Structures are given as structure tokens and as C-alpha cells.
Amino acid sequence: MMKIPCPHCGVRDENEFQCGGTAHLARPALDASDREWGEYLYFRDNPKGSHRERWRHAYGCGRWFNVVRDTLTHEISAVYPITETPAR
Amino acid sequence: MSGFRLPEPHGTRIDRTRPIPFLFNGKVLAGFRGDTLASALLANGVRLVGRSYKLHRARGVFGCGFEEPNAIVDLVDGERRTPDVRATTLELTEGLAAQSVNCWPSVGLDFGAVLGAFAPFLPAGFYYKTFMWPDWHWFEPAIRWMAGLGRTSLAPDRDRYEEICVDADVAVVGGGIAGLSAAVAAAEAGAATTLLCAAPAAGGALGWRGDATVRALLAKAGRAGVTLLTRTVAFGVYDHGLLCATESLAAATPGTHGALRERLWKIRARSIVSAQGAFERPMLFPGNDRPGVMLAGAAEKYAHAHATACGRRAVIAANADSAYAVARSLRAAGIEIVAVVDRRPPESIGAHAEGVRCLAHHGIRQVIGGRGVRGCVVVDADAPGDRGERLDCDLILSAGGFAPAVHLHSQAKGRLRWLEDAAMFVPDGAAPGLHSVGACAGVFARSAALEHAAEVGRSLALGFTVPPPPVGGAGRSLASSRIPGVRGKIFLDLQNDVTVSDVSLAAAENYRSVEHLKRYTTTGMATDQGKTSNVNALVLMGEATQRAPAEVGTTTFRPPFAPVSFGALVGRRVGNRYRPLKRLPAAGWHAEHGALFELFGNWSRPAGYPRADESLESAAQREAETVRGAVGVFDGSPLGKIEIWGADAAEFLDLMYVGTMSSLAPGQARYGLLLNEHGVIVDDGVVARLGTGHFWVNTTSAGVERTAAAFEEWLQCEYPNLRALVTPVTSRWGNVTVSGPKAWATLATIGLDRRFAPETMQHMTIADGEFDGSPVRILRASFTGELSYEINVPVERTRDLLERVWAAAAPLGGCPYGIEALEILRTEKGYLHVGVDTDGTTLPGDVGFARGLERKRANFVGRRSLLRPAARNPGRSRLVGLKPADGRTRLPVGAQIANAPPPTATEGHVTSSHWSPTLRAPVALAMLARGAERLGETVGVHHLGQRIDAIVVATSWIDPEGKRLHG
Amino acid sequence: MVDAHDTAERWIGGGVTAERDRTIQVASLRYFDAAQCAARIASALGGAPPAAGRLERHGLPGSAEPFAMLWRSPSETWVLAGSPAPIDALRRGLGTTEAAWLVDLSGGVLGIHLAGTRALAVLRRLGSSLSIPRLGEARTGRFADVTVTVAGWHADEYLLLVERVFYEHLVDWIRETLADLRLEDDR
Amino acid sequence: MTHRYSAWSLLRGAFARHANWPAAWRDASPKPAYDVIIVGGGGHGLAAAYYLAKNHGITNVAVVERGWIGGGNTGRNTTIIRSNYLYPESARLYDFSLRLYEKLSVELNYNVMVSQRGLVMLAHSRHDLDAMSRWANAMRMNGIDAEIIGRDELASLAPGLDLSPRARIPVLGGFVQRRAGTARHDAVAWGYARAASALGVDILQNCEVRGFLTKDGRVTGIETSRGRIAAGRVGIAAAGHSSVLAALAGFRLPVTSYALQALVSEPVKPVLDTVVLSPGTGAYLSQSDKGELVIGAMLDLFPSYAQRGSFAITQSILAGVLAMFPAYARLKMLRQWAGIVDVVHDSSPIIGPTPVAGLYIDCGWGTGGFKGIPVGGWTLAHVLATGENHPLAEPFQLDRFTTGRLVDEAAASGIAH
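**Student:** Which residues make up the overall build of chain D, and what values go with them?
**Tutor:** The helix and strand inventory of chain D stands at 12 helices and 18 strands. Taking 2.2 N^0.38 as the reference for a compact globule, 417 residues should give roughly 22 Å; the C-alpha atoms of chain D span a radius of gyration of 21 Å, in line with that estimate. Within chain D, counting contacts between residues at least 6 apart in sequence, those at least 24 apart form 75% of the total. Of the roughly 12,000 Å² of accessible surface on chain D, a fraction of 53% belongs to carbon and sulfur atoms. Averaging the positions of the 39 positive and the 32 negative side-chain charges in chain D gives two centres separated by 5 Å.

**Student:** With reference to specific residues and values, describe the environment of B:Phe652.
**Tutor:** Residues and elements named next belong to chain B. For Phe652, the position within the fold is in helix α18 (residues 649-656). Along the primary structure Phe652 and Ala748 are separated by 96 residues, whereas in three dimensions their C-alpha atoms are 37 Å apart. Every residue in contact with Phe652, bar those within four places of it in the chain, is listed here: Ile644, Phe711, Trp714, Leu715, Leu722, Ala724 and Val726.

**Student:** Got a sec to walk through the sheet that holds strand β34 (residues 603-608) of chain B? Specific residues and values, please.
**Tutor:** Residue and element names in this part refer to chain B. The mixed open sheet is built from three strands, whose spatial order is β32-β34-β33. Here the strands that pair on one side only, and so sit at the sheet edges, are β32 (582-583) and β33 (596-600). In this structure, β33 lies alongside β34, joined through five bridges in antiparallel fashion. The residue of β34 that forms the bridge with Leu596 is Gly608.

**Student:** If you had to explain the sheet that holds strand β3 (residues 25-31) of chain C to someone new, which residues and values would you point to?
**Tutor:** All names here are of chain C. Judged by pairing direction, the sheet is antiparallel, and its five strands sit side by side in the order β4-β5-β6-β3-β7 without closing on themselves. At either end of the open sheet lies a strand with only one pairing partner, and these are β4 (55-58) and β7 (100-104). Recorded for the sheet is a direction-independent mean angle of 20° between the axes of neighbouring strands. Note that β3 and strand β6 (residues 76-81) share six bridges and pair antiparallel. Bridge assignment links Val26 to a residue of β6, and that residue is Leu80. Running over the sheet, helix α2 (residues 85-94) touches β3, β5 (67-73), β6 and β7 and is turned about 150° from β7.

**Student:** Please give an account of the interface of chain D and chain B that cites residues and values.
**Tutor:** At the junction of the two partners, chain D supplies 102 residues and chain B supplies 114 residues. When chain D packs against chain B, the two sides together hide about 9,300 Å² of surface, and 58% of this comes from carbon and sulfur. Interface area lost by chain D to chain B is led by D:Met141, D:Arg168 and D:Arg330, which between them contribute 11%. Here B:Arg144 and D:Asp289 are joined by a salt bridge, their closest N and O atoms 2.9 Å apart. Our enumeration of links across chain D and chain B arrives at 60 residue pairs in polar contact (both at pLDDT 80 or more). Sort the elements by how many residues they give to the side of chain D that touches chain B and helix α5 (residues 126-141) of chain D lands first, with 10 residues. Across the side of chain D that touches chain B, the residue classes tally to 48 nonpolar, 30 polar and 24 charged. Pairing of strand β31 (residues 564-565) of chain B with strand β16 (residues 332-344) of chain D, which is carried by two bridges, proceeds in the antiparallel orientation. Bridged to B:Ser565 within β16(D) is D:Lys332.

**Student:** Describe the nonpolar core, with residues and values.
**Tutor:** Membership of the largest hydrophobic core comes to 97 residues, with the highest contact counts inside it found for D:Tyr101, D:Tyr110, D:Trp190 and D:Tyr192. With residues near it in sequence (within four places) discarded, D:Trp190 still touches B:Tyr128, B:Tyr511, B:His516, B:Arg519, B:Tyr520, D:Trp25, D:Ile69 and D:Tyr110. Among the nonpolar cores identified, the runner-up in size contains 75 residues, and B:Val293, B:Ala299, B:Leu359 and B:Leu391 belong to it.

**Student:** I'd like to hear about the packing of aromatic side chains, residue by residue, with values.
**Tutor:** The tally for this structure, following the rule as stated, stands at 46 aromatic pairs over all chains. Considering the side-chain rings of B:Tyr128 and D:Trp190, the 5.7 Å spacing of their centres and the 90° angle between planes classify their relative orientation as edge-to-face. You can see B:Tyr128 sitting in helix α2 (residues 126-129) and its partner D:Trp190 sitting in helix α7 (residues 185-198), one on each of two chains. Taking the relative accessible area as the measure of exposure, D:Trp190 reaches 1% and is therefore buried. Ring centres of B:Trp589 and B:Trp806 lie 6.2 Å apart, and the angle between their planes is 80°; on these two criteria the pair is classed as edge-to-face.

**Student:** Which residues make up the environment of D:Phe96, and what values do they have?
**Tutor:** Residue and element names in this part refer to chain D. With respect to the helices, strands and loops of the structure, Phe96 is situated in helix α3 (residues 88-102). Taking C-alpha positions, Phe96 is 6.5 Å from Val375, a pair spaced 279 residues apart along the chain. Ignoring anything within four residues of it in the chain, the contact list for Phe96 reads Val375, Trp378 and Leu392.

**Student:** Could you give an account of the pattern of salt bridges, with specific residues and numbers?
**Tutor:** Where charged atoms from two side chains of opposite charge come close, those side chains can pair. Residue and element names in this part refer to chain B. Applying the stated criterion across every chain, the model contains 104 salt bridges over all chains. For Glu336, the salt bridge goes to Arg313, with nearest N and O atoms at 2.7 Å. Remark: Arg313 occurs in strand β18 (residues 313-318) and Glu336 occurs in strand β19 (residues 336-342); sequence separation between them is 23 residues. Taking the relative accessible area as the measure of exposure, Arg313 reaches 29% and is therefore partly exposed. For Arg890, the salt bridge is made with Glu617, and the minimal N-O distance between the two is 3.4 Å. Here Glu617 lies in helix α17 (residues 616-629) and Arg890 lies in the loop between β46 (877-884) and β47 (896-897), a separation of 273 residues in the sequence.

**Student:** Help me get a handle on a nonpolar patch on the surface, residues and values and all.
**Tutor:** Together, B:Trp104, B:Leu109 and B:Phe111 make up a nonpolar patch on the protein surface, roughly 380 Å² of accessible area in all. Along the chain, the position of B:Leu109 falls in the loop between β8 (97-100) and α2.

**Student:** Any details on the pairing of β5(C)? Residues and values, ideally.
**Tutor:** All names here are of chain C. Counting buried positions along β5 gives seven out of seven residues, so the element sits mostly inside the fold. Where β4 lies against β5, four bridges are found, and the strand directions are antiparallel. In the strand pairing of β5, His58 is matched with Phe67. The sheet contact formed by β5 and β6 spans six bridges and is antiparallel. Opposite Ala68, over in β6, you have Leu80 as the bridge partner. In this structure, the hairpin formed by β5 and β6 is closed by a connection of two residues.

**Student:** Let's hear about unusual backbone geometry: which residues, and what values?
**Tutor:** Backbone torsion omega between B:Trp133 and B:Pro134 reads -5°, so that peptide bond is classified as cis. Here B:Pro134 shows up in the loop between α2 and α3 (140-146). Here the residue pair B:Pro902 and B:Pro903 is connected by a cis peptide bond, since its omega of 0° sits within 30 degrees of zero. Looking at the element boundaries, B:Pro903 is found in the loop between β47 and β48 (908-916). One non-glycine residue, D:Thr79, lies in the positive phi region at around 60°. When you line up the elements, D:Thr79 lands in the loop between β2 (61-64) and β3 (80-81).

**Student:** With reference to specific residues and values, describe the packing of α18(B) against helix α19 (residues 704-718) of chain B.
**Tutor:** Residue and element names in this part refer to chain B. Following both chains from N to C, one finds α18 and α19 inclined at 115°, their axes separated by 11 Å at the closest point. Relative to α19, the element α18 is oriented roughly perpendicular. For the crossing formed where α18 meets α19, the hand is right-handed. Packed against α18, whose contacting residues are Phe652, Leu653 and Met656, the element α19 presents Phe711, Trp714 and Leu715 at the interface.

Scoring rules and cut-offs
- Residues numbered from 1 in each chain as written.
- Chains lettered and ligands numbered in written order.
- Predicted model: local features only at pLDDT ≥ 70, side-chain atom pairs only at ≥ 80, totals over all residues.
- Heavy atoms only, no water.
- Helix = DSSP H or I, 4+ residues; strand = E, 2+ residues; numbered from the N terminus.
- Rg over C-alpha atoms; globule rule 2.2 N^0.38 Å.
- Contact = heavy atoms within 4.5 Å.
- Areas by Shrake-Rupley, 256 points an atom, 1.4 Å probe, with all protein chains shown as cover.
- Lys, Arg positive; Asp, Glu negative; His and termini not counted.
- Charge placed at Lys NZ, Arg CZ, Asp CG, Glu CD.
- Pairing = 2+ DSSP bridges.
- Axes fitted to C-alpha atoms, helices over the stretch in contact; angles between N-to-C directions.
- Buried area = accessible area lost by both parts, 1.4 Å probe.
- Salt bridge = Lys/Arg side-chain N within 4 Å of Asp/Glu carboxyl O.
- Polar contact = N/O pair within 3.5 Å; in protein donor to acceptor, adjacent residues only side chain to side chain.
- Nonpolar A, V, L, I, M, F, W, Y, C, P; charged D, E, K, R; others polar.
- Core = buried A, V, L, I, M, F, W, Y, C linked by side-chain atoms within 4.5 Å.
- Buried < 20%, exposed > 50% of the residue type's maximum accessible area, 1.4 Å probe, protein only.
- Phe/Tyr/Trp six-rings, centres within 6.5 Å; stacked < 30°, edge-to-face > 60°.
- Patch = residues over 30% accessible without salt bridge, like charges linked within 9 Å, V, L, I, M, F, W, Y side chains within 5 Å.
- Parallel < 35°, antiparallel > 145°, perpendicular 65-115°, else oblique.
- Left-handed = near helix turned anticlockwise from the far one by under 90°.

Pasting the structure below:
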């Protein structure tokens, strides 16, 4: 069971959180093509290694935030606000 | 019968003043407090304790701890059985009754033992090569019956289990001297330290030998504030340093039912120290599974800790110097040591056995005695075919070297290396967050282990660099613990009856990777998980494939280190605590009025209020009819309630719902469908505007948490600049819904303001008022098609309101109604029930909500998905009404629609179906392909082989114009 | 399905007393930015929203109108009081500001006081040690598998706040834990 | 096949002290080029290789496996086989697979122990019963057996099941597919490997793919830890690692990898004579021929490539099991592990071409890959051999994520597949 640092409540057990999947997906506008829309809805990098994803402290403050986590080792290397977009 | 009790002063762990009678296979035996079941059985001369898994061979106690493959018993206590218990770790308690497993009719006379005669035809994986014709099903039942060990009871377990979560700076696993030393040093350096010890008392091997160092360390541990947990088995290291262990409380409360049996410890430790010691590696020789063959260290422990001699005359089969220490120790206890048969050449033997006959470079060729050792034949390792020498003995001890218990290290993702000299795997550096000390680190010299462990404890406490372990001290052992060339059945995994030749077979057939070897031969897959067989198996596979053991590989150890009861893992999450059960705030009122409660999601709600002579179904008919004819009272408290506030609240709701909410005037309400981003309907409800920037949202009772969470996710992640706040208030408000033509007539008499009368308060409006000094929020919305008032009241006043409403409704011929009646009423009206008439593929157009979407400006959630080709396919299903062609037969929910007889392509299915008491005819809703174009068509409705013809009709049967809604 | 459920409001075991707070009133103070409305709240109530993770108690128990504020999230503070008066005062004080919004949750959120030298030991049996507050702190976390806001109320005393529908579940868990502590002590 | 397995062969083996058994499959060294290379030596990959040789006569084939064959999800699942699907597309696909399973032991001359003890889906409410009625009727429309059963039959199939009306998760009945059941997972991999090897397929273990070679947008081979290997066509059957391989080939998949846990109890004498699946708790269990209860449940709901599983999930899985079988509290968990499953939004597989010409994929089986092994192999072999999708695989193409024409079993049934 992982320990996840909620930016507002501090470090808590994994089972207080909900994972919302890949972070920083850009939502296409209504006039996007079917392909663009399908990419947004379904297609993911799904890396084995470092992954930017979003989590919610569901049993705590209820806030969403971004996490950089290794999908193989489960080590968490960074946590940052939901509104922040890292330079890619 | 060859084991017996040694006189005092032997027996450091037993209390001879506390005799304990117990039952084994129905026979009354006696032991002492401090015995394990295994030590007590041995002391009573019991040799035959069980039968092996595959061949049902006679087996005796082999080890003294978690490594035990043979002495597995069922505990029986009336109806209650505990299957597959290791006798070697089970403390003897008053009233304990144990039974041998896997034997019938008894462990002595086991019909299954006839399998032994067929053993040559049953090599590893034999079942993959046969039983194919005519079919596996012909053979499987017999094989299932033969397999399995103990028997489980079918009565619910009445004992309790709990879980506790603690922090530690340093958690030390293992109460031997290395563990004690590390714990004391860590605690003395100021670390909050917890020491987990599987045994009833800390101290380990030196402890039961009565060593003074242990006593001193224990005293220090107490003074330094080490938290000592005994009878606590650490079984797993999980992500981010979570250490899990189970504490057995059963020995402390023998014979009680419904007591706390085990406690699960979840320890968040900054650092973990593993000091789990080492397992002894058995020698491999023909007949090495016979009762009377056991691990040397185990025999020594039984003698000293439990004053139990496992035999009178022992031969020790050796591949390690430890054999000589055991020999001396047992001889001092009065057990005759016939010889140490040492597999190693004389120059490798580092110990001296004064007065003990040492046969170097020898091995056992044969064990004499089927159900108990009577002797053995030993031969020179270079001449395994010679006649050899017969040694008379009743005990053969195996001292094949040691296998450090690297389980936790491996679980923590530590690597291993093979130590050639000592023939063992040891940790290759520390694992992340976990350091090994003592024998499990490969440190066998006592003083070195003490010093290193102390250094590790201190370093972890103070944040210093942790020193590497001074590996060594075990002497020399050969990788192979057998002498080549001897023939006969040599057992590698005793419980699963895996033999040395099975490994050769696996190698020949190319099951050579360690995982293939395990899976093909089943070695290491028994309840002991290969604690005595893993290293031997790797060595044998290495020999067979000309590889070093390390090249064969090591299996990755995963939790649990030792089996853990389901009960301990589940803790208090049983019964109603498995998942919180939600009850109505006025549940008592409903019970008093005859409610039949059922579970709807996690809510316990009245399904109906059947009278003495009524079924639920007939009650629902009566209740529905009463609502149409007079008035009904319904508890809608579970209905989801969310308040939304802020300058951008209206804009936000436009983005969330299919409908446009920003055009509502304050006081107005509108029905809304909620989609997910795939365009699928996930919830529905009513959105009411309380003020310019303030909305009241009703959701389904099952959907409120999901909906509130979705609102938050969109707000926080996609629209962080919108000024809107979402506060769920479901629990704050009770909800009493009054529905029917006499709804206002009822409410007019309970003291509500006249402005709520239907003439002045329109359908789909909301207003605040007062009831008996409390605020109420009244919504004019209807799930029944009748004039309806949903009265939200502070939750603690729900019962008061219900009582007042009921006092007014009853004289008007009203009744309380439950979910079943509500379902009838809404189906008659053709009102959608999300999750019943829809599933996870239903789009708004499928239920007739396509119109007007193009005109809406906001890009609401899911909108883009509705533009995809599949969403615009004219062949999609559409919600329709169905009535049976004969006017009488109810259409079963779930029945499939097709005109051709099955098997054929389905065109839809029935989603809701009821007998309408108002129409005196069945009504049904269905999803039907192109349903909107098919009104009037007759279709076949198929249910479990039966066909009913039905006619496609519009969805609303009652008052399609909606006049009744307005009173 | 109606079980004869526990109507008691006080449970004792292992030197720990769990007791329902019969009078507690709870209101949720919501805002986009705590600083923006701090002054207004302070003037209405005499206390500002607490910092993250904190519990602030105002007035003495038994004095006129004691109340407490505890942090729930960056956009929410809970106001607790023994009577409706402080909450009414706050509502009046806030008026129709756009900076903050008060939602009365009284009755929807119930309180349990857990007191005694082993109160901490009981909490450790309900949830993760990472979610247990120290004195003067408030943490919302997972206890008995449901969301509970726990406040470090006094030395050796915690106030547990739970949504009404989960109250019975939480109490059931606590009650059995206390019963087992009591059995353990009896031995 | 050079050496047939039978009772007779065991008897002969016994007289030779089992010294003469040949290797079940050859350990080959990579050749410079193959007609077809299949990446992934699990059930799907090995089955594809076998059917390429058997059905299409293409034997110049290599199966490339990073570790040891059958070591991924094939050896890490709960061994359930079934075809109780709602939609005709799925029903056809999975029932074809089940029918191949029924004949597989004889086909491969390797006993894969297909045990059709039935699979019961429990109904926990009247709403569940309605949903199962829909499901059972849909299956019958698709020509697949399904029956609704009551508590009495449940009591005899699963004696420890708590059928009391006061149970927190009550059981009102269920629906059963009698032809469903279990098969021995390792044996499926080994049986296909042995049969494929006998037909000339090279099995390359400990051979990790590090890249795809392409020319003009068409795959020409693979780069591996054992060197470069040329190929006319390449198939990927790598379950939870599909995205990793796709990334090497330069495209993305609509797949997220999650850990799916499973565990077994210590072995006990027979107590459960069917496969039980409880939608209300998410738990499913059966009893193996060894006597172990084999238990699985929900995903660890965060992306993961770690084959461990979270302890919190282990606990909730077992809580679900005890909610149904309170008598099992005294059983012990013996082993616990996780497989990395390739989850797609609609819980249906993807079998067909990729954006790279000549490169085909069989993935997206999510939590249900084991039961799909025969048909996954069959249809992947078909498209590799002919360049055309097999009709069974036609609805399961990547383009459905653009058109929105999903085959959404999970959404329609409310149950994770």
C-alpha cells in the first residue's frame, strides 16, 4: 500500500485516494475530428516507468492533484497542483 | 513409539507444573504448557502424524517451525474446524483436539496409501500426459477427492479479528539475538522501535538454550522501551515500507468462542530490519521422508526447549559443521549418537566431534523401517553401489547446511547472491528500506552477528550509513546434499511428494527455468512454500543442466511469508461492516407501519407495506392504486441532494447537464440528464434554481456520490476558473414525498402555508417554507405522474413530518408506499429509470432526448461523443412501450425481442414490466432497435425458451398529456 | 431488514469512553479563498478560518456560546457549536457576500467523542496512523472504511465527525473494538 | 508428433525410470529470418504460432519471449473459461474459444484439464435477477446455454455460501453457464508450445524485443537482446506490455495496464464444485483440483506494471469472499500475486492490423485473456497468414475507438469482464 502525499493534508495511505488516470489530457473542442476525439477518450501512452497522473484525496479534502509516479516501482517522485502544467 | 520426555533441567520453555491434556485423532494425550502440538506428540511417542499430499506416505514431524512440511493437522472444536494447521508452531492449549489430514479411514490405515504402489507411474506432471481420453471429466472427481489436505467447516466463524495500524522508526522482525541486538541498539539510540517475534517469547535459539546474553538483551529491551510483540508473524513487506504481521491471540484465550482470535498489524516503519534467521536444509537420501527422519536443529530444539527426545539412538546425516554441535548437545541430553554420516570430504569438516563416530565422505543409501526409522545403511560417497554398513537407530537427523530466510528481503525487492563455500543464497546488499542481520543476512558467527546487528540498529536510528553484514561463520557445505549414484525414492518436497528424479524429468523435458520447475513438479508449492526444498531444487536443476544454482535463478518471494488466515486479513469488515448499510432517518416509523425492508444499493428501504394477508406484490398493487386514486406517502430521504453556489453556478450546470439550466428563473426546476464524456447517460434528476447563483440538484439515490465527485472533477480539473462550489447535503435533509390527487388536501391540514397550493405553486418549482418551526424546502416534481410534493426537512425532523402527514393522509384513504409501487407508477407513466431502462451504452437519443440538443450552446459533458458515427446510427435502440398481444401475459424483464425463433439476432429487450392496477393490464418498457419507427408492430418476446407476442406502443399509458401533475 | 440496532449513546471499554455528542451543530463554510472572507468571518464570529489541518476552539466549554472551526479542505471550514446561535450569528454576519457561503449540515453530520488514555489505540484500530490528528489538529481520512473528520479535541480526547448514514457503521466498529479491549483487560 | 503422451507412454516411461522423455519443446536459437515472428510467449502467442503452422501451413515461425513461456498472465490468472457474454459479437468470439478449449487436450495431446464445472453469477437483488434474466436470454439468443438457478441449487453447488436473507450481501439466485469452468493454465501454454514446436516453430526464451525494424512504413524484423531477426510479418501478443511494444513501433493503443490480483488458499478437501462470481462484491472463486481455493477480484485501480498488487486490495477481495462465504474465515492465504492486464474502455479485445504495415496485434483482453487464448491465437494466426481479418475478429478492430462502435460488455452488464 503506497503512501501518497496529498498537497493539502500531507502523506496518507493509498486507500484514501482515487486515481484519475493520465494527467494533462487536452480536451478537444466540439469541432474536433472523430479521430482526435477518440485519441482523447481512449488512447494513452501507458508507460512502464514515470507517469504523470492525477489523484484525488477522496476520503480527505476531496482535492485533485498531479502526481509523478513510476508504474513499475510505484515510487512517487513529485506532486504538484492540478492547475499546473509542466513544460514537456 | 520412540520419542519421550527428558528429565529436568531440560525443557526451558515448558512448565511441568501445568500439564495439559489434549486429543490427537481421538486419543487423549498429555503435554505441558509451553509445548507445541508437535513437541507434545513427539514426547508422547507419536511418530506417524500425517500423510503426504500425493502418495499418502506415512510422515512424522520433520521440523520445528514454519518450514514444517509434514505435521499438518486439522483443529476440531465441535462444528468449528481450523484446517491445515502446522503442529510445529501451534501452542498446546487446554482442550485442543487435532486430527491428521489427508487420510481415510485413519492415519494408520490409510486406503490412499495404495497409491504408493503406483508411484512409478506417477512422475511429475503425469496428469498432463494422460486422462485425455475419453475426457478429463471422467477422472477429475476421483482426483479432486484424493487431493486437498484438511477439511473446512461450513459454519460461519464466530471468532473476531482486528486490525491495528502503527508507526515505527525501526521495526525489527525476528526475536533471536540478532533481532534483539538490533532492536536494543535502535531504541537506545532514541528510535521508536518495535520488535516482532513469532514465538511466544523472544530469544530465539539462544533463548531456549538459556543463554545469559539473551536475558541481558531482553532486560535492556525493556528498559530502552522496545515495543515487543510476541506470537506475531511478519508476513509481508508492501509498497512504501508497509510491514504486515499477524498476532495470534488464540493461545491466550483457549477454548473460547467468539473471542478476538488474531490481530493484523500494519506497521509503517521508516526502516525495517529482518532478523528471521535461517532454515535448515535437509539431506537428500532414499527414504528421507520416513517418520523418524527430521531436521537436526529441530531435534535439538525439542530436547532443550521442550524436554522432548525425538528418539534414543540417532544417526546424523551431515553436510555442515552444525551437525557436530547438535551431536554434542543431544548426547549431553542422553541421546545416543550412533554416527555423523558426513557427505563432505574430511578436509571440509571444520568442527570436531569428540567421542562421536564420524563417517566422512559417506552418505545414507537406505532407510530401514516404513512407518518409523529402525536403521539405515551408509556407504562411501565414491562407492554408492557397495553393500555399505548398517547402523541401527530410531532417529535420523538431517544437517544439510542452512538457507537464510531471505523472504522479506526478497519481498522488498532485494537481490540475492550465491555463497559458494557455504552453499547458500544471501542478500546481495540491502533491499530498499530493509536491512538484514544475523543468519538471514548470512552472518552465522554469534559475536559478529550481535555486533553487526547492534551497529545496524544504531545506524538506522541515527541516520548513519548502515554497515554491510560480515557474512560467514557457517562453515563449508557442498551445494549438493546428496551423494550421486544412490538409487531409490529421494524426496525433495515432502508435502507434495516431489522427488529428485522428478527434477531430472523436468530438466529432460525442458521445464528448466525455476518457475517451470516449480509449476511442473509442484516443488515449493505446498503449504510450507518450499522452505526446506527450494535450495535443494535449484541445486538439483543446476546439476541436471550444468548450471550453477544462481544461474538457474531464484524464485521471487512474495507475501505471505507464512500462510495468513482470511479472517485476520479481513478484520472487522464482516457482516454489516463489510459495507456500510444506510438506513432511513425514520426507519422506525416505517417498521411500525408494516414496511418490508429490502436493500436497494446500500440503502435499506421499504419495498412495500404488505398487510397480514398480502404478498409484497399485491401490496405494491394496492399502494400504486391508492396513489392514483387518493394519496400516498413516500420516504424519499435517500434522494441525492447537492447544493451549488457561486457566480458561475448556472454556467457550470449547463456544462454538466444535457438540458440548459441557466435559463431557469429562480424558483423554477427542470429535469436533467447527466452524461459521461462518452455520451452515456449516467444519472438523471431535477435541477432547481434557488437564487441567481444558487442551485439545488436532486440526483438518484445511488448516483449522488458519483455525481458530486464528477462535478468536483470537472470543476477542479477542467474548469478551475469557474466560480462554483459544490456541497452535497443529502444527509442533512430528510425527504417526505406526498403524491396523488389528494396530496394538497393532505398537506393543507399540516400547517403548510397556502401559497404551496397547486393553484399558486406550479409543477416543477421550488420554494422554502416552514414546518412546525423548522425550515422546509418544497419541490413540486413528480416520479409518479400525480400531483406531488417533495418536502425536504431537517433530517432529525423527518419522523415528525411523517407522523403529521400520515395523520392527515390516513383519513383521506391514503397509504404509505414503497419502492415497488413507485416502480409500477413510473412505468405506467413511461418515466425513465436510469440503470434499469438504461445501461452503460444508452445515449440520450435512445430514450428520446435527442431533440433540442443542436440548439444548446454549451459544450456539455459527453456532447462530442454524440456526434460520432455509432451514436448517429439509425439502427440504434429506442425506449418504447410494449403490451402483450393477448392483453394479459406479463412480459418478463430481461426477455429478448426477435421475430425469428432463437438462436437469432436480438432486436432488443424488456427493461421494466408491471401489472398496472389502474389499467388492469400489463405494461412494459423495452429498448428496441429502431423502436421509434415501429409503433403498432407485433414482435416476439423470448424468455427462457418461451415466446410471447407483444405490440410496440408509446411509452406513456397514463395521462400522456400530464394533466394530473397539476392537481 | 431492520435489525434491532443500538440505541445507546455511550460505550465504554479499555478505559475509553465513546459518546455521541447530542447537541453538536455543524455548518460548512465554503469559499474560493479563505483570506478573502477571513475578515468578514472574524467580525461575525470572532475567529478566522484555521490554517490547513488545524482546529481552532473559541470560547470555553460551558461559557456563553463556545464554537470551534476546523479545516476540511482549501475551500471548506466546518463551524461546530453546541447550539444554533453561533451558526446563526455567522450567517447573519456573512449576509449576501460573494466571498463565502454557509451551508448548515446539522443533523447530517454527527459527532462522537472518544476519550481516555487509550483513545489513540482505538483510533489506530479504525484507520491509518497517518490520518490521526494531534491535539489541536483536524484530519479528514478513512476510518472504519468511511470518511471521518477527526479533531484532536483535548489531551486524550478526539471528536469524530461522520456523515449521518455512516454513523451506525462507525459506532458498530467502535463498540466492538471497545468490547474487545474490555475483554483483553479482564484477562 | 514424435512422442505421443498416453497412459501407455507413462507405463513405458515407468519401466525406463522416466529417463527417456524428450523435451516438451525445443529451445531454439534465433535464425536470421522467419516468415512470421510472434512477440510474446504466453498462451496467445504460442497458440497463434501453433495455428499458423496447423491451420495455415506456415512453420517458419518464431515465438519470442522476454522471460520464460507462460510466465506472464497465462501463469497468473484464475484459470476461468466461459462464454457468458451479452452481445452477439462477443458471444461468437468467446464461444468459439470455449469450443476450442473443449477439444484442446486431444488436439494438443496434452491434458490441459478442461473442467466444465459451470460458472454461477450470483444475483444479490431483484434488480440483479432482472439483469441476469436479460443476460441469460441474450445468451440463448446467441445459441449459448444459460439457466437461471435458485437458492436450493446454489446451496448444493457452493455449500458454504451464506444464503440467509439477513446477509449483508444477500444472494437471491443466479445464472449458470454449465459449459464454463476452468482449465490448467500452465498446461495451456506448455501444450501449445509442445505442439507448435513439433510442427517446426522456434521458441526463443530469454529474448527481449528492443525495437522494430521498418522500411517504408512496413515492419521488416525485430531487434532483440539476442540480435536482429528479420521477419515478413510480426504479431504482438503481450497483454499488459502491449503499450510498451507499441511505443517501440511508434504508435499508441487505447490500453491502460493495471495489476489484477489473485490468491490461493491452502488446499482443503472439496467444498466448492463450481466457479462462483459475485458481481456485488467483485470477488470470484473456484476450487482447484489440488484443493486450493483460487480467488480473484477487482483491479488495483491505478496504472501499474508491478506484478504484486496492493495490500489494501487483497484485504477488500477477501472481505468480499467472506461476505459470501463467512465459513472461510479460518482458511489461510497461501500465495498472492498479480498479473498486468491490458484494459480497454469497452473490455473487449483488439485483434488485427496496427498503424504499421505487416505488424498485427492481439491485445486488450483485460482481465479475461485466459479464456480467449484459443480464439486469440486462432484469429491472430489468421490475420498474420492472410493479411485479412478473421470474421470473428472483424468487430474488434482499432477503428472502433474512432467511430464509437464499441462492444461494451462491461457497460451493458455492469460487471467487469
